[in-house]
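Close look at the chain arrangement
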Amino acid sequence: MKPSGYSLDATFAALADPTRRAILARLATGEATVSELAEPFAMTQPAISKHLKVLERAGLITRGREAQRRPRKLEPRPLAEATDWIERYRKIWEANYQRLDALLQEMKSTQRKAVDELVNAAKPKSKNRKRK
Amino acid sequence: MTKTETLKLTTPTDRDAVITRVVDAPRGMVFDAYTKPELLQRWMLGPPGWTMPVCEIDLRVGGKYRYEWRSAEGETMGMGGTFSEVVRPVRLVATQVFDQDWTSGETIVATDIVEKNGKSTITTTIRFASREARDAALQTGMTTGMEAGFERLEELLKETARG
């Protein structure tokens with residue numbers, strides 16, 4: 001169950017913050033400069049830069065070549081690897097719950113049968129018992 | 001068969017991870033499925049190919065439980081703890097420690113069952129011992145999926161796929 005390698009840990013640590021996820025969501029629509037990224041948040045550029053550094057270290061984003069603007073852009077691969085692992089974990093939970101669904105259905109039908117038997121047993125014998 | 005309900009995972013505080021799931025059964029049955037070994041062993045199995053050969057439950061406040069799983073390849077995994085609240089059929093709280101100690105110490109797992117129109121919502125709240133313990137757990141990668149927040153990440157990935 002444990003994923004291999006340091007990079008996945010770094011990816012998850014980087015993703016465990018709502019601002020950084022919002023930055024990634026913004027970059028998913030196209031590259032952007034630091035000031036463009038700071039705009040929608042009530043945050044200073046240095047604060048945003050700190051978040052960008054974390055994302056960069058995790059390999060989730062890279063800087064463009066353009067000297068003046070240095071636009072940040074999304075690197076899709078680490079994110080895809082992280083999701084693969086999340087998907088596996090989620091599937092384990094889902095598999096458990098689907099087995100629980102099946103078990104509960106079985107319990108319900110068993111209970112219904114038990115109730116039917118009780119009801120039948122309580123009915124007057126002369127009316128409901130079929131002669132053999 | 002009807003479409004299965006979806007699982008929701010959120011992180012309302014620094015120390016909690018919360019998983020909710022709706023099942024089509026009254027709460028008493030759900031409580032039984034969580035607390036009777038012969039029932040629990042039929043569904044809480046984890047990844048494909050795993051079984052749960054050990055399932056011991058002393059269902060009372062202060063009582064202990066012990067679960068062990070085994071894969072087809074012979075790998076084993078175990079955990080256990082002590083019940084601190086047993087309120088049939090609505091609430092169960094217990095400490096939880098994995099043998100491999102993925103969570104860096106004890107977590108407290110609360111299971112709440114709320115019934116409405118014959119369906120039950122199961123809410124599992126996993127509380128870490130401390131922020132340090134949680135952060136350490138983060139590093140193991142076991143609970144980080146929860147931290148990232150599945151739903152939000154999924155939204156993000158949908159956007160990525162479109163972009």
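Note that the structure is predicted; figures quoted are calculated from it, not measured. (Residues numbered from 1 in each chain as written. Chains lettered and ligands numbered in written order. Predicted model: local features only at pLDDT ≥ 70, side-chain atom pairs only at ≥ 80, totals over all residues.)

What to know about the overall build of chain A
- Check the secondary structure of chain A and you find 6 helices and 2 strands.
- Each helix and strand of chain A, ordered N terminal to C terminal, gives the series α-α-α-α-β-β-α-α.
- The 132 residues of chain A split such that 25% are buried.
- Considering only contacts within chain A whose residues lie at least 6 apart along the sequence, 53% involve residues at least 24 apart. (Helix = DSSP H or I, 4+ residues; strand = E, 2+ residues; numbered from the N terminus. Buried ≥ 20, exposed ≤ 12 C-beta atoms within 10 Å, placed from the backbone. Contact = placed C-beta atoms within 7 Å.)

Considerations on the overall build of chain B
- What chain B contains, in helices and strands, is 5 helices and 8 strands.
- When the helices and strands of chain B are placed in sequence order, the string is β-β-α-α-β-β-β-β-β-β-α-α-α.
- Relative to its 163 residues, chain B shows a buried fraction of 25%.
- In chain B, of all internal contacts separated by at least 6 residues, the share reaching a separation of at least 24 is 37%.

Focus on the confidence of the model for chain A
- On average, chain A scores 79 in pLDDT, and the residues at 70 or more come to 80%.
- Mean pLDDT across the secondary structure elements of chain A bottoms out at helix α6 (residues 125–128) of chain A, with 57, and peaks at helix α4 (residues 45–57) of chain A, with 92. (pLDDT = per-residue confidence, 0-100.)

Things to note about helix α2 (residues 18–27) of chain A
- Residues of α2 of chain A that are buried: R20, I23, L24, R26 and L27 of chain A. Relative to the axis of α2 of chain A, the buried residues are bounded by an arc of 160 degrees and lie together on one face. (Arc of directions from axis to C-beta.)

Topic: the environment of T33 of chain A
Residue and element names in this part refer to chain A.
- Within the secondary structure layout, T33 lies in the loop between α2 and α3 (34–38).
- A residue is classified by how many C-beta atoms lie within 10 Å of it, and T33, with 16 of them, is partly exposed.
- Excluding its chain neighbours within four sequence positions, the residues that come into contact with T33 are R69, R70 and P71.

Digging into the nonpolar core
- Core analysis: the biggest nonpolar cluster contains 19 residues, and L100 and L104 of chain A together with V23, V30, A33 and Y34 of chain B have the highest contact counts within it.
- Elements supplying a minimum of two residues to this core: α5 (76–122) of chain A together with α1 (27–35), β4 (64–70) and β6 (91–98) of chain B.
- Residues contacting V30 of chain B, with those up to four places away along its chain left out, are L104 of chain A together with V23, A25, I113, S120 and I122 of chain B.
- Counting residues in hydrophobic clusters, the runner-up holds 16 residues, among them I23, L37, L52 and L79 of chain A. (Core = buried A, V, L, I, M, F, W, Y, C linked by C-beta atoms within 7 Å.)

Remarks on the pairing of β4 of chain B
Residue and element names in this part refer to chain B.
- As paired elements, strand β3 (residues 51–57) and β4 share 5 bridges and run antiparallel to each other. By the bridge assignment, V54 is partnered in β4 with E68.
- Joining the antiparallel neighbours β3 and β4 is a turn of 6 residues, in which G62 adopts a positive phi near 90 degrees.
- Connecting β4 to the antiparallel partner strand β5 (residues 76–87) that follows it, the hairpin turn spans 5 residues, and G74 within it adopts a positive phi of roughly 95 degrees. (Pairing = 2+ DSSP bridges.)

Looking at the pairing of β5 of chain B
Residue and element names in this part refer to chain B.
- Note: β4 against β5, 7 bridges, orientation antiparallel. Bridge pairing in β5 places R70 opposite T76.
- In this structure, β5 lies alongside β6, joined through 6 bridges in antiparallel fashion. Counterpart to V87 in the pairing with β6 is R91.
- Following β5, the chain reverses through 3 residues before pairing antiparallel with β6.

Details of the environment of A72 of chain B
- When you line up the elements, A72 of chain B lands in the loop between β4 and β5.
- Taking the C-alpha atoms as reference points, A72 of chain B and T51 of chain B, separated by 21 residues in sequence, lie 8.1 Å from one another.

Considerations on the confidence of the model for chain B
All names here are of chain B.
- Looking at chain B as a whole, its pLDDT mean stands at 79, while 72% of the residues score no less than 70.
- Below pLDDT 50 for its whole length, residues 138–157 participates in 56 contacts with residues either more than four positions away or in separate chains.
- Across the interface, the model reports ipTM at 0.75; the global pTM reads 0.62.

Let's talk about unusual backbone geometry
Residues and elements named next belong to chain B.
- A cis amide bond links R88 to the next residue, P89, at an omega of -5 degrees.
- Position of P89 relative to the elements: it lies in the loop between β5 and β6.
- The backbone of N117 sits at a positive phi, close to 50 degrees, despite the residue not being glycine.
- Mapped onto the elements of the fold, N117 is located in the loop between β7 (107–116) and β8 (119–128).
- The class of N117 is exposed, set by 5 C-beta atoms lying within 10 Å.

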